[in-house]
Amino acid sequence: QVQLVESGGGLVQPGSSPRLSCAASTTSFRIPTMGWFRQAPGKQRELVATITNGGPTNYADSVKGRFTISRPNAANTVYLQMNSLEPEDTAVYYCAAKTTITYFNYWGKGTLVTVSS
């Protein structure tokens, strides 16, 4: 069982650049793929960004060029650097891990990011 704990959310100003962090409870193996999803009020959960071992990344079109996902080489930790935040980025952000081939099978509880002046 893998537990994921997110941190770094809160109330932020439009245009700001906060960073979200997520740490997994296991160090016995390297999680193949980690990612960030978000769910805005009244909307479905959507992919934000993913990163696999070796570094390939994938981003939602809405965050390309503004958000950067990263992982330290030797840790089951993932970061999401968010730049130029907009009110439309307001959502609960979830960290996720994929140890299967097809789907993300571990999820954090989420951290709320509210973008407002």
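Predicted model only: the values in this text are computed from it and were never measured.

Quick word on the environment of Phe 29
Piece 1. One can find Phe 29 in the loop between strand S3 (19-24) and strand S4 (33-39).
Piece 2. Distance in space between the C-alpha atoms of Phe 29 and Asn 76 is 8.5 Å, their sequence separation being 47 residues.
Piece 3. The contact partners of Phe 29, leaving out residues within four places of it in the chain, are Val 2, Asn 76 and Thr 99.

Considerations on the state of the cysteines
Piece 1. Applying the stated rule across the entire model yields 1 disulfide.
Piece 2. The partner cysteine of Cys 22 in its disulfide is Cys 95, sulfur to sulfur 2.0 Å. The sign of the S-S torsion, about -80 degrees, decides the handedness of the disulfide formed by Cys 22 and Cys 95: left-handed. Taken together, the positions of Cys 22 in strand S3 and Cys 95 in strand S9 (residues 91-98) put the pair 73 residues apart, joining distant regions of the chain.
Piece 3. Cys 22 gets classed as buried once you look at its relative accessible area, which sits at 1%.
Piece 4. Classification of Cys 95 as buried rests on a relative accessible area of 0%.

Analysis parameters
- Residues numbered from 1 in each chain as written.
- Predicted model: local features only at pLDDT ≥ 70, side-chain atom pairs only at ≥ 80, totals over all residues.
- Heavy atoms only, no water.
- Helix = DSSP H or I, 4+ residues; strand = E, 2+ residues; numbered from the N terminus.
- Contact = heavy atoms within 4.5 Å.
- Disulfide = S-S within 2.5 Å.
- Buried < 20%, exposed > 50% of the residue type's maximum accessible area, 1.4 Å probe, protein only.

On their own, these measurements won't tell you what the molecule is for.
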